[in-house]
Amino acid sequence: MNYDQARFSRDDVYEPLLSEKDGREVDVDSSLPDDLTRDSVSLPSLSEPELARHYTRLSQMNYSVETGPYPLGSCTMKYNPSFIEDVAALPSGAVHPDRSGETVQGTLAVLHGLQEYLADIGGMDAVTLQPPAGAAGEFTGILVAQAYHEANDDDRSEVIIPASAHGTNFASAAMAGYEVVELPSGADGRVDLDALEAAVSEETAALMLTNPNTLGLFEREIRDIAETVHDAGGLLYYDGANLNALLGRARPGDMGFDIMHYNVHKTFATPHGGGGPGAGPVGVASDLAEFLPKPQVRKSDGGYELFDPERSIGKVHGTMGNWLVLVKAYAYISRLGDAGLRDASAKAVLNANYLASQLEYDIPYDPFHHEFAATAGDRDAADVAKRMLDYGVHPPTTKWPELVSEAMLTEPTEVENRSSLDDLAAAFNRALADDDETLANAPSRTTARRIDQVSAARNPRLSWHALEDDGGD
Amino acid sequence: MLDAVGVDAEDELFDIPDDVAFDGEFGISSKSEAQVRTEVEATLSRNHDLVEFLGRGHYDHYVPSLVSDLSRRSEFLTSYTQYQPEITQGFLQVLFEYQSFVVELTGLPVANCSMYDAATALAEAARLAGRVRQASGSTVIVPDHLHEGKAGVLDNYVEGAGLSVETYPMDDGAVDVDALSELVDDDTVMVYAESPTVHGVVEPSLGSIGSLAADNDALFCLGSDLLALALLEEPASVGADVVVGAADVLGLSTSYGMGLGLFATREEFLRQVPGRLVGASEDAAGKRAFTLTLQTREQHIRKERATSNICTNQAWVALRTAMHVASLGADGMVDLAEQCVTNARDLAAKLDEVVGVRAPVYDRHHFREFVAHTDQPAEAVASELESEGFAVHVVGEHRIQVCITETNAGHAEALVTAFEEAA
């Protein structure tokens, strides 16, 4: 424990920018006419060993799942087995997206296999793999809902979203042109059926919901929620961010959800890559399958083929999506199988409950599944989080959901063992016990000390050119 | 652990009503690592081993081993979005350097640190144009040669923003500026042009298109790719307000169409930029440090008023692309781009000598790819080429598109021979 990051300290910087090592301006000499080409280009030109050291040093200044636990609530950052990288790197998988279906039967077989796996796991009838991220999946799902209503000559203008939902839900619904109706949470942290009754109307296109919700609480009344939305003529959309808690235990389709997205980079392997790539496949009930993006993969005589669903919404990505992420998810699910998937959820839920039992924090809402919202009480959750960095761990998600004051939304996932959870709990508890000044000045043992976010936003310097314009820095 | 929690079994911790509980049986059997690898390998080996002369936005450039090797370092690969910048300086610096490369190559001062792909980048550019010009109009104008993937995504992204798409005609593979000028008016919020185009043509009229857009108070969005920008006219110098396109031409290879979208724009539109931005700042000790910045544009703060819904993006791909650019360096970038021009020119000249083939169809300069005319039906020619081990695009009844890079250049002679048989 107490993981310390490397610092490569010169007088003013930790590791110089490439431009500070070399910034060679090269004249552009081309066989194209001069009026079609630029005069010069200025890029660093370094040797391979110099670059290898640069990127190795930078990697050592970066926290990752393979350096320590990452208990970010709602983000599901779990260890991903190494072998999936080798599977994704298989040379026969590297094909051009415009190849004819007959010549890429292997690729289509993997995609079809993943479609089937995901349909089974979600209790859905058809799945598209095209959306390149979870939020892209949300947008796709909402477009499918819109197309469905339009096909029924049913013009609806609103999407209902619980106040505690992921911000992307709001953004995705708005992108599709919907008004967002925000649903307040009930006293128990769940959907308040009376409030939902009041919110639904003939303008309701869909309700977007995750279950367990962002406090880790299962919406026990999900059948009634579904009935309320369906009775009003709306569709029920499932945000798959918390699916890791439910694998083999419950399925969105069985709960009455009509549309869902899967964050395969959270639930089914794929290291998060510092911010992506992800993939956000969308599953739908049978009467919505004809609206899915094109093309889709299906079985044909003796193989697989691409086809366009009859009333497809069209495209949400230039091609079929993030192939490398999808093949990793396929390999991961193949490896775990029923027993492994079910066990992953069991351990994720046990670990969350065990970690909570070791914390000296209030946890206002329970019983929770894979994540819980602890409160830092009268301390600033963001400061507590910064202090946790000094104790060598990544802190949880802070100040969200807003339902809990000074929230620390914690999701240890299934991959931590008891001693790791004990260490994590110690870091939580030590940070909470530190004095205000220590918290305000944290972190002190990391690569960089507390970073000034305000000046970064007030005086945006987004490239090394901007730094040079400032006369260096 | 169960004792500490106060239960006898994990199952007791699940608060799921019986009427929605599931028994866990999907019928997926657990397998060993070795089994999975063997099976996936066997499945993928059903792909035909063809030499691809395919492009249209997705290119196979040799990715240096340094990129594959160092990008897989687990500290990069298994990290999350940099919400705690004090312990993610390494990745933030790489993304800052990626943004810097895009700024250098486009000449525009603001670049984000990735979009999903070229199609979604174009679509987000149109939404940006709608936001900054919404008082004046609602039409986005694009070439009728637009790649169908881009056109499809664009339609879906603009509809909810109340925008519509019109197309302008091309003349001999390049923009028909006169026809375009008839279409651009007060209602136009954005004019989109590409160089190289989907057919590999280097657009000769970018400056005129930029002026036309500016005169009508519309944004000029230029589509290109990261390697082409090392050689072709600098977008800022032809009046581009936004540059979008494929950054994945470096760092990723074709990967069945997985992408990385470029996005750069002018300072004026900074607060309307979609996606993530990394900025330089200082830490409490006064040292330079990097952080995600201007997050008030993003959906975890502004929710439905955010500039886009992008959360998870393509950061690791951007890291690979930055590494590839750095590996090539200034000379390497220019040399590789020039090779694209000369390889395409040489191949077109050789195909032009084949009886029944005329290449290139467009009397223009080309980058990396071109369209060829075949006297025989293109489908039949392509099918014959496929049986000889080559993949090409069919882009018309008698038109085939061919793309050449340094990775397939060694097979160019064989392709010409196969054309001699097929055409």
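The structure this text deals with has already been given above.
What counts and how
Residues numbered from 1 in each chain as written. Chains lettered and ligands numbered in written order. Predicted model: local features only at pLDDT ≥ 70, side-chain atom pairs only at ≥ 80, totals over all residues. Heavy atoms only, no water. Helix = DSSP H or I, 4+ residues; strand = E, 2+ residues; numbered from the N terminus. Rg over C-alpha atoms; globule rule 2.2 N^0.38 Å. Buried < 20%, exposed > 50% of the residue type's maximum accessible area, 1.4 Å probe, protein only. Areas by Shrake-Rupley, 256 points an atom, 1.4 Å probe, with all protein chains shown as cover. Lys, Arg positive; Asp, Glu negative; His and termini not counted. Charge placed at Lys NZ, Arg CZ, Asp CG, Glu CD. Contact = heavy atoms within 4.5 Å. Buried area = accessible area lost by both parts, 1.4 Å probe. Salt bridge = Lys/Arg side-chain N within 4 Å of Asp/Glu carboxyl O. Polar contact = N/O pair within 3.5 Å; in protein donor to acceptor, adjacent residues only side chain to side chain. Core = buried A, V, L, I, M, F, W, Y, C linked by side-chain atoms within 4.5 Å. Domains from an automatic or database assignment.

Q: Can you help me understand the overall build of chain A in this one?
A: Broken down by element type, chain A carries 16 helices and 14 strands. Against the 2.2 N^0.38 benchmark of 23 Å for 473 residues, chain A shows a C-alpha radius of gyration of 24 Å, consistent with a compact globule. Principal-axis analysis of the C-alpha atoms places the extent of chain A at approximately 70 × 65 × 45 Å. Across the 473 residues of chain A, 66% fall into the buried class. Within the structure as shown, chain A displays about 15,300 Å² of accessible surface, and the carbon and sulfur contribution to it stands at 41%. If the 36 positive side-chain charges of chain A are averaged to one point and the 76 negative ones to another, these points end up 7 Å apart.

Q: I keep staring at the environment of A:P277 and nothing clicks. Help me out?
A: In this fold, A:P277 is placed in the loop between α10 (264–267) and β9 (282–284). On a C-alpha basis, the gap between A:P277 and A:L324 in space is 8.8 Å, while along the polypeptide they are 47 residues apart. Sequence-distant contacts of A:P277, defined by excluding residues within four places in its chain, comprise A:H265, A:T270, A:N322, A:V325, B:M258, B:T312, B:N313, B:Q314, B:W316 and B:V317.

Q: Just to check I follow, could you spell out the interface of chain A and chain B for this structure?
A: Interface size is commonly expressed as the accessible area that is lost once the parts come together. On the side of chain B, 157 residues touch chain A, which itself brings 186 residues to the contact. Counting the surface lost from both chain A and chain B, the interface buries some 14,700 Å², and carbon and sulfur atoms represent 60% of this. Contact with chain B buries area across many residues of chain A, yet A:R38, A:Y55 and A:L462 alone supply 6% of it, more than any other trio. With a closest N to O distance of 3.3 Å, B:R37 and A:D86 form a salt bridge. At the boundary of chain A with chain B, the tally comes to 90 residue pairs in polar contact (both at pLDDT 80 or more).

Q: Hey, could you run me through the nonpolar core in this one?
A: A general tendency of soluble globular proteins is for nonpolar side chains to be buried together. Ranked by size, the top nonpolar core spans 175 residues in total, and within it A:L196 and A:F268 carry the most contacts. For this core, the element with the highest residue contribution is helix α11 (residues 315–352) of chain B, accounting for 16 residues. Two domains each put at least three residues into this core: domain 1 (83–335) and domain 2 (339–448) of chain A. Discounting residues that sit within four places of it in the chain, A:F268 has contacts with A:L118, A:I121, A:L243, A:L247, A:Y262, A:N263, A:K328, A:A329, A:Y332, A:I333 and A:L341. Judged by nonpolar contacts, the second largest core, of 66 residues, contains A:V159, A:M208, A:L462 and B:A119.

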